[in-house]
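# Overview (structure and organization)
So you can see what is in the structure, the chains are spelled out below.
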Amino acid sequence: MEQQTVAVVIPAYKAERFIGEAVKSVLAQSFPDWQIWIIADDGTDYEALLGRAGLSDPRFHFLSTGRVAAGASRARNLALDRIETPYAAILDADDRLKPNKLELAIAALAEAPIVSSALDVMDERYRRLRLVGDGPDRRLAPGSYKFTNLSMDSMIVWDRRRCDARYDPDLSNMTDLELLMQLWRTAGVVHHLGTPQHDYVKIASSMSNSEGVTARMIASKTTLLERLQGGHYSFAAPDAAEGLIAFLELSLAAEAAYPAALQEKPGLLFEDHLEPMLRAHEARVKGD
């Protein structure tokens with residue numbers, strides 16, 4: 001294995017609008033020892049598309065699922081089965097890395113096998129909506145992880161020599177959290193970068209409580225909760241399952257109450273709806 005290289009895995013489905021910004025954000029990294037692996041899941045020639053935009057580099061690698069809408073999990077797994085780098089990072093085609101993310105993450109991997117980052121949550125025009133998980137750098141146990149990183153889990157970078165996994169292609173949503181649960185079988189801690197290093201772009205269709213998205217999200221959260229309650233995962237850290245169960249139960253309660261909350265406050269972000277419930281739970285636990 002190459003000793004310092006990080007492979008940035010980017011699944012691409014109907015990604016023409018945003019993928020140039022995602023790739024530019026990797027090109028702008030202060031840490032130069034990276035590869036980009038772009039996996040087309042829609043038949044698009046992304047090498048040609050990026051080339052027309054003046055974006056080419058010998059560190060770019062292109063794969064295809066050979067299908068249309070096989071799913072981000074299958075696309076990511078295709079790359080994860082091919083890469084030979086010690087480090088892996090996930091970047092959605094509509095998100096961006098801050099310029100120092102990989103440098104800071106690789107340095108932090110000396111202390112922990114997984115590194116996460118606070119998020120700069122943005123709309124489609126890259127205007128800030130809110131921050132998630134911001135504050136001091138800290139070490140997070142799996143049981144408390146989602147009470148800090150309450151939204152999106154594809155901001156991680158991990159050392160594949162100390163923990164590795166593949167995405168569950170049968171899960172429609174929450175696949176990033178499920179991957180983390182697999183990584184936590186051998187990784188007992190996450191080093192969290194409290195200064196946002198990842199731009200999480202919310203596409204308009206995902207910002208509403210649309211019936212299809214909500215139904216799939218609830219089904220996936222319920223599946224993960226049932227797996228945890230049934231002991232499906234064997235975690236390296238104590239109390240991991242207990243904390244994750246608490247988070248998923250609260251998140252499902254938040255899903256049930258979200259439609260009414262949206263009616264009362266149109267445009268309400270799910271994160272703004274969920275976070276008070278998480279903090280109230282933390283206060284109850286602390287008071288016990």
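Residues numbered from 1 in each chain as written. Predicted model: local features only at pLDDT ≥ 70, side-chain atom pairs only at ≥ 80, totals over all residues. Heavy atoms only, no water.

### Quick look at the side chain of Gln182
Counting through the fold element by element, Gln182 comes out in helix α6 (residues 175-183). Its relative accessible area of 18% is what places Gln182 among the buried residues. Residues within four places of Gln182 in sequence aside, it is in contact with Ala165, Arg166 and Tyr233. (Helix = DSSP H or I, 4+ residues; strand = E, 2+ residues; numbered from the N terminus. Buried < 20%, exposed > 50% of the residue type's maximum accessible area, 1.4 Å probe, protein only. Contact = heavy atoms within 4.5 Å.)

### Describing the nonpolar core
Among the nonpolar cores identified, the biggest contains 58 residues, and Ile114, Ile156, Trp158, Met181, Leu183, Trp184 and Leu248 are the most heavily contacted of them. Grouped together as the second largest cluster of nonpolar side chains are 32 residues, Ala22, Phe31, Leu109 and Val115 included. (Core = buried A, V, L, I, M, F, W, Y, C linked by side-chain atoms within 4.5 Å.)

### A word on helix α1 (residues 19-27)
Listed as buried for α1 are Ile19, Gly20, Ala22, Val23, Ser25 and Val26. Lining the buried residues of α1 we find β1 (6-12), β2 (34-40), α2 (46-52), β3 (60-64) and β5 (96-97).

### Some details on the pairing of strand β4 (residues 87-90)
Going residue by residue along β4, you find Tyr87 and Ala89 tucked away on one face and Ala88 and Ile90 tucked away on the opposite face as well. Inspection of the sheet shows β1 paired to β4 by 4 bridges, in the parallel sense. By the bridge assignment, Val6 is partnered in β4 with Tyr87. (Pairing = 2+ DSSP bridges.)

### Quick notes on the packing of helix α9 (residues 240-264) against helix α10 (residues 270-287)
Across the interface, α9 lies against α10 with an axial gap of 9 Å and an inter-helix angle of 135 degrees. Considering the angle they form, α9 stands oblique to α10. Crossing angle aside, the handedness with which α9 passes α10 is right-handed. In this structure, α9 contributes Ala246, Phe247, Leu250, Ser251, Ala253, Ala254, Glu255, Ala257, Tyr258 and Ala261 to the contact, and α10 contributes Phe270, His273, Leu274, Met277, Leu278, His281 and Arg284. Residues of the contact of α9 with α10, tallied by class, amount to 12 nonpolar, 3 polar and 2 charged. (Axes fitted to C-alpha atoms, helices over the stretch in contact; angles between N-to-C directions. Parallel < 35°, antiparallel > 145°, perpendicular 65-115°, else oblique. Left-handed = near helix turned anticlockwise from the far one by under 90°. Nonpolar A, V, L, I, M, F, W, Y, C, P; charged D, E, K, R; others polar.)

### Describing unusual backbone geometry
Its identity is not glycine, yet Lys14 carries a phi of approximately 50 degrees, on the positive side. Along the chain, the position of Lys14 falls in the loop between β1 and α1. Positive phi, close to 65 degrees, is recorded for Ala69, a residue that is not glycine. Mapped onto the secondary structure, Ala69 falls in the loop between β3 and α3 (72-80). A residue is classified by how much of its surface remains accessible, and Ala69, at 45% relative accessible area, is partly exposed.

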